[in-house]
2 protein chains.
Amino acid sequence: MSRKQWTTKRAEKQARVASVAHLADGKVLPTAHIVEALEHLIKPNDRVVLEGNNQKQADFLARMLEKVNPESVHDLHMIMPSVSLPSHMNIFEKGIASKLDFAFAGPQSVRVAQMLEDGLLEIGAIHTYIELYARLYADLIPNVALVCGFKADQYGNLYTGASTEDTPALVEAPAFKDGLVIAQVNEIVTQTEELDRVDIPGDWVDFVVQADQAFYIEPLFTRDPRLIKDTHILMAMMAIKGIYAKHGVQTLNHGIGFNTAAIELLLPTYGEQLGLKGKICKHWTLNPHPTLIPAIESGWVETVHSFGGELGMEKYAAERSDVFFTGPDGSMRSNRTMCQLAGQYAADMFIGSTLQMDPEGNSSTVTHGRLAGFGGAPNMGHDPRGRRHASDAWLNMITDEEKQHDIVKGRKLVVQSVETYQDGATSTFVDQLDAVDVAKKAGMATAPVMIYGDDVTHLLTEEGIAYLYMAKDMEERKALICAVAGVSPFGQRVTQAQIKAFRDAGKVATPEDLGIKRSDANRSLLAAKSVADLVKWSDGLYEPPAKFRSW
Amino acid sequence: MSRKQWTTKRAEKQARVASVAHLADGKVLPTAHIVEALEHLIKPNDRVVLEGNNQKQADFLARMLEKVNPESVHDLHMIMPSVSLPSHMNIFEKGIASKLDFAFAGPQSVRVAQMLEDGLLEIGAIHTYIELYARLYADLIPNVALVCGFKADQYGNLYTGASTEDTPALVEAPAFKDGLVIAQVNEIVTQTEELDRVDIPGDWVDFVVQADQAFYIEPLFTRDPRLIKDTHILMAMMAIKGIYAKHGVQTLNHGIGFNTAAIELLLPTYGEQLGLKGKICKHWTLNPHPTLIPAIESGWVETVHSFGGELGMEKYAAERSDVFFTGPDGSMRSNRTMCQLAGQYAADMFIGSTLQMDPEGNSSTVTHGRLAGFGGAPNMGHDPRGRRHASDAWLNMITDEEKQHDIVKGRKLVVQSVETYQDGATSTFVDQLDAVDVAKKAGMATAPVMIYGDDVTHLLTEEGIAYLYMAKDMEERKALICAVAGVSPFGQRVTQAQIKAFRDAGKVATPEDLGIKRSDANRSLLAAKSVADLVKWSDGLYEPPAKFRSW
């Protein structure tokens, strides 16, 4: 009935593969000719996934993409989970790429903002990680994916190493939609048996290339205990007693901050004193944080599933396979998609931090001049309304008023943990998020909010905890935020009498209300006070990167 | 520092593998001795994933599990995405299993309810699919997974066939947490090259066994156009004009119903008349519905990503690879995890149906005596608050009132499409969902609601469309529901004057308001009126199962 061609993408793929036949040895592309190969394999206006991951980077391919001739390869639409390297932005300056969809832009956030203002860059959208992966299967199907592994065999089978991270999600879409998958690896072996294990089947990979140097991996989740301050410790004590224990949090996510590192290091000391072992914090979705080692060694932690790996933690994770996910080869396996799903749907609680919070509790890390992106926070920092299983903590969020109804549901704990001042002078609490203005200037459809206020159940500051889920309306929610805003301008919007009433009603708790002496909150409570202590706790299995070694 | 054993699960796995050394030839278990092998490999109280998928079933392994000696294998905690086969329940009757976590129980829903009442079964929870997968990486890590593929090689590499479905998500958790993965296949080949492609690497699979017969696959998503009624067609016309076109829906999900089948078959006729081609319905997340063939052939559909395959659609999907996701071998590839993610985070709209709806718009398919489960509906039928990218349809949900605020977000369209009566006598609209009572009797923590009322943006009945997202408060939401509830008791709770006011305000639209003549709504509008028509549209590529053939 139809005369239309229905396999044009397949034919296009075959033509592109054939165009590098003179360069390739089977699936292996020569390191020295990769720029020429990319010029054949990538066409103008292609959608190109470039694996900038949270830790693992396809940095060789990024540098080589920067070298292609912009006359033949231009106006690429780049899809990058994490924009982290200078080359990620250089390709826009050179006209090789023109549009960007991303999830996180830590180190490059200033440059992203600048180039957007200079018109060198069009932003598709800022996403949360799995939202970006999701679009790879719908309206953002890529033509090419440039990804990164540890080793490959000649058939294209990939061993990603402990930082499997986003690679499976990034590869599957092009592999099964007639796109091209090109993987850089540190080493190419001949036979499959020489690989530690297969993380991505060779069928899914069109070309592999040995990088000119081992890929860059950043120890992004290592926090040196020496930098943990007494304020972090006070807040950690409140979190453990006034949130984790109060609600019975079993499955949880921790992010990158010193606040949560302090909590991890207080479980074997303060948590133990409170008799909480085996009662809270059993199942974790987080990167293998070195600061979690003492809690693991003390028997607090049943399982850890990870978004990515962490440099130096490879041997420790392998030797603690009862806790960590590891492969048949013994080495760790991570998977950001499944870990984000676990963080979204299986976790009782998300705890995070922010740079700014507005009167209604909306927060963002996008500030003037910094287009940071949010990574996993929007996905894990909201109440997943598709959740249907109950847990103690989830049920504990149902208020007495709600219990009167036939149809009632629990909710996820979404904790924002912030100090009232970002530094000596800048209040965390602002009347309007910079994100509102940034959106207007950049012509974004909506302001880039990281976590919406009505998803936040708890606000933790050095002043105390505001139990926002108990607020009876928006006015009370606003007042509860002010009640823990300390000496900031927000703090002056509530009276002492109001704060007293909130404390009496159990809607605000100060350290005193929780039976925590501020003078107890000091570094002596930390189970490890230095990276050297963490190494000791790990039986020497943790091998910190040089920059964290002082010995 | 620690003297604890940290690799006990790895050792336990090795011991179990060793215990069948006398039976296995490498990774291959003999069909005739599989019951004995299972008795060695599975221990009492194990958490066991049994691949009951929406379509593909590990039915051989289910039947063999039913034959193990309950003296040696008992009290298993079963994790089954879909409870579909008699053997799935027989294992509970025989005492082999005692606890069940699941997502969907279509054909077995009555038996699940009965056995729960008889105390033969403890229900962990009813989940949405990816919520269940998520827990496999946190608090429900399985000891054993029994899964299903099309072919395997002797190294355990699996080709799943077009219905890859849940297999990757179910396998990854045990494979990387020292669990056992046992796959039944229709055929075992010697060399990897003999496989069509590798969907699951052999490293992740401990044992393969050839089933005594090819696995059962159900054509669950095939709707015979002959069964589409004029009411379906009227509702489909309203959906296309009053929802899809009005809001500019580009990326969407369709379920299993005749209502949505009618919409699919009206795109090339009614949709074409309205000049909508290329403007709506470009990207789809759904199984390869045969009723979508005319829309595909007419050039409406850019891409389809699928949860699973559909019997008879294999050749068609392979020959339409510009539209469907296919592997390097040319055959279709599905993936429920990624498709559910796309349906959650990338889709503008979810449209579904229900058996009961209460005054606030809460709905459930759990009724007295039927514990059905919800499959993917809770995940796709809610507004994903982690979404941060905009689309026209998403932005179109922002009301004028909301536009006054600095912080504003779009939302997903969640459409409930129901006839006011389920059959001649039973109203869809009820004052209390049966689910409330079922929950009380079964001791569930919360009532099993499929979609929460405040997530529903549109209610479509044969009477018209209620634009619930425009309701200014709960009272108005309730009245809007009643306004399209027809002659049911709910319909009598609003006056004609109220309905008129809603119509004038654009909060309710009748067919007349939409310029749709009821007399036009008849089967002559269907692009295909029979399965034979669908085969013709497909150029003979669609091969319907025997039960759908009348010729």
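Within any chain, residue numbers begin from 1 and follow the written order of that chain's sequence. Whichever chain is written first becomes A and whichever ligand is written first becomes 1, with later ones labelled in order. The model is predicted, so local features are restricted to residues of pLDDT at least 70 and side-chain atom pairs to those at 80 or more, both for listing and for counting; the totals for chains, interfaces and linings are taken over all residues. Hydrogen atoms and water are omitted, and side-chain values are computed over all heavy atoms in the structure.

## Considering the packing of aromatic side chains
Any aromatic ring pair is given by two values, namely how distant the centres are and how the planes are angled relative to each other.
Next, step 1: Here is the rule: rings of Phe, Tyr and Trp (six-membered ring for Trp) pair when centre to centre is within 6.5 Å. Planes less than 30 degrees apart are stacked, more than 60 are edge-to-face, and the remainder are tilted. The full count for this structure, using the stated rule, is 14 aromatic pairs over all chains.
Next, step 2: With a centroid separation of 6.0 Å and an interplanar angle of 20°, the aromatic rings of phenylalanine 325 of chain A and tyrosine 137 of chain B are classed as stacked. With phenylalanine 325 of chain A in the loop between helix 11 (314–319) and helix 12 (336–346) and tyrosine 137 of chain B in the loop between helix 6 (129–135) and strand 6 (144–153), this pair bridges two chains.
Next, step 3: Relative accessible area serves as the criterion here: at 2%, phenylalanine 325 of chain A is assigned to the buried category.
Next, step 4: An aromatic cluster of three or more residues is present, and its members are Phe150, Tyr159 and Phe215 of chain A. Secondary structure elements are defined from DSSP: runs of H or I of at least 4 residues count as helices, runs of E of at least 2 residues count as strands, and each element is numbered from the N terminus. Burial classes: relative accessible area under 20% of the type maximum marks a residue as buried, over 50% as exposed, and values in between as partly exposed (1.4 Å probe, protein chains only).

## What about the pairing of strand 6 (residues 144–153) of chain A?
Within a regular beta strand, the side chains point alternately toward one face of the sheet and then the other, so they alternate between its two faces.
All names here are of chain A.
Next, step 1: In terms of burial, strand 6 is largely enclosed, as nine of its 10 residues are buried.
Next, step 2: Strands are treated as partners if at least two bridges between them are detected by DSSP. Judged from the three bridges that link them, strand 2 (residues 47–50) and strand 6 form a sheet pairing that is parallel. Residue pairing for strand 6: leucine 50 is matched across the bridge by leucine 146.
Next, step 3: Relative to strand 8 (residues 180–189), strand 6 runs parallel, the two being bridged by nine bridges. Across the sheet, the residue bridging to valine 147 is alanine 183, located in strand 8.
Next, step 4: By the bridge criterion, two bridges tie strand 6 to strand 7 (residues 158–159) in an arrangement that is antiparallel. Within the sheet, the bridge partner assigned to alanine 152 lies in strand 7 and is leucine 158.
Next, step 5: The antiparallel hairpin formed by strand 6 and strand 7 contains four residues in its connecting segment, where glycine 156 sits at a positive phi of about 95°.

## Some remarks on the interface of chain B and chain A
Next, step 1: Every residue pair with non-hydrogen atoms within 4.5 Å of one another is taken to be in contact. Each partner contributes to the interface: chain B provides 97 residues, whereas chain A provides 97 residues.
Next, step 2: Between Lys or Arg on one side and Asp or Glu on the other, a salt bridge is scored when a side-chain nitrogen of the former is within 4 Å of a carboxyl oxygen of the latter. On inspection of chain B and its partner chain A, the count reaches six salt bridges.
Next, step 3: Between arginine 385 of chain B and aspartate 454 of chain A there is a salt bridge, with the nearest N and O atoms lying 2.5 Å from each other.
Next, step 4: Any pair of N or O atoms that falls within 3.5 Å is considered a polar contact. Within protein, one atom must be able to donate a hydrogen and the other to accept it, and sequence-neighbouring residues count only if both atoms are side-chain atoms. Linking chain B with chain A are 47 residue pairs in polar contact (both at pLDDT 80 or more), by the criterion used here.
Next, step 5: Ranked by the residues each element gives to the side of chain B that touches chain A, the list is headed by helix 12 (residues 336–346) of chain B, at seven residues.

## Regarding unusual backbone geometry
Residues and elements named next belong to chain B.
Next, step 1: Phi is positive for glutamate 165, which is not a glycine, with a value near 50°.
Next, step 2: Structurally, glutamate 165 can be placed in the loop between strand 7 (158–159) and helix 7 (167–175).
Next, step 3: Although it is not a glycine, aspartate 178 sits at a positive phi angle of roughly 55°.
Next, step 4: Counting through the fold element by element, aspartate 178 comes out in the loop between helix 7 and strand 8 (180–189).
Next, step 5: Under the relative-accessibility criterion, aspartate 178 is labelled buried at 13%.

## As for the sheet that holds strand 16 (residues 413–417) of chain B
All names here are of chain B.
Next, step 1: On the basis of which strands lie adjacent, the open sheet formed by eight strands has the order 12-11-10-13-16-17-18-19 and mixed pairing. The open sheet terminates on both sides in strands that have one partner only, identified here as strand 12 (303–305) and strand 19 (508–509).
Next, step 2: Where strand 18 (residues 464–466) meets strand 19, two bridges bridge the pair, whose relative direction is antiparallel. The residue bridging alanine 466 from the neighbouring strand is valine 508, located in strand 19.
Next, step 3: As a rule, the C-alpha atoms of each element are fitted with a line to give its axis, helices using only the stretch in contact, and angles between N-to-C directions run from 0 to 180 degrees. Helix 8 (residues 230–247) contacts strand 10 (251–254), strand 13 (349–352), strand 16, strand 17 (458–461) and strand 18 of the sheet and is inclined by roughly 155° relative to strand 17.
Next, step 4: The sheet strands contacting helix 9 (residues 258–273) are strand 10, strand 11 (283–285), strand 13 and strand 16, and the helix crosses strand 10 at an angle near 130°.

## Digging into the sheet that holds strand 12 (residues 303–305) of chain A
What holds strands together in a sheet is hydrogen bonding between their backbones, with the strands either parallel or antiparallel.
Next, step 1: The eight strands are arranged 12-11-10-13-16-17-18-19 (chain A) in an open sheet whose pairing can be described as mixed. Strands with a single pairing partner mark the edges of an open sheet, and in this sheet they are strand 12 and strand 19 (508–509) of chain A.

## Quick look at the packing of helix 8 of chain B against helix 9 of chain B
Residues and elements named next belong to chain B.
Next, step 1: Between helix 8 and helix 9, the shortest axis-to-axis distance is 8 Å and the interhelical angle comes to 70°. Considering the angle they form, helix 8 stands roughly perpendicular to helix 9. Every pair of crossing elements has a handedness; the one defined by helix 8 and helix 9 is right-handed. In this structure, helix 8 contributes His232, Ile233, Met235, Ala236, Met237, Ala239, Ile240, Lys241 and Tyr244 to the contact, and helix 9 contributes Phe258, Asn259, Ala262, Ile263, Leu266, Leu267 and Tyr270. Angle categories: roughly parallel below 35 degrees, roughly antiparallel above 145, roughly perpendicular from 65 to 115, and oblique for all the rest. Take the far helix as the reference: if the near one is turned anticlockwise from it by less than a right angle, the crossing is left-handed, and if turned clockwise, right-handed.

## Digging into the domain arrangement of chain A
Residues and elements named next belong to chain A.
Next, step 1: Segmentation of the chain into domains, including their bounds, is taken from an automatic or database domain assignment. By domain assignment, chain A separates into domain 1 (11–210) and domain 2 (225–531).
Next, step 2: Centre-to-centre, using C-alpha coordinates, domain 1 lies 34 Å away from domain 2.
Next, step 3: In this assembly, 32 residues from domain 1 lie in contact with 33 residues from domain 2.
Next, step 4: At the junction of domain 1 and domain 2, the tally comes to four salt bridges.
Next, step 5: As a salt-bridge pair, arginine 333 and aspartate 199 come within 2.8 Å of each other at their nearest N and O atoms.
Next, step 6: Across the contact surface, domain 1 and domain 2 share 22 residue pairs in polar contact (both at pLDDT 80 or more).

## Thoughts on the environment of valine 198 of chain B
Next, step 1: By secondary structure assignment, the location of valine 198 of chain B is in the loop between strand 8 and strand 9 (207–210).
Next, step 2: What makes valine 198 of chain B buried here is its relative accessible area of 9%.
Next, step 3: Between the alpha carbons of valine 198 of chain B and glycine 156 of chain B there is a distance of 9.9 Å; along the sequence they are 42 residues apart.
Next, step 4: If we ignore the near neighbours within four places in the chain, the residues touching valine 198 of chain B are Pro201, Asp203 and Trp204 of chain A together with Asn157, Leu158 and Thr192 of chain B.

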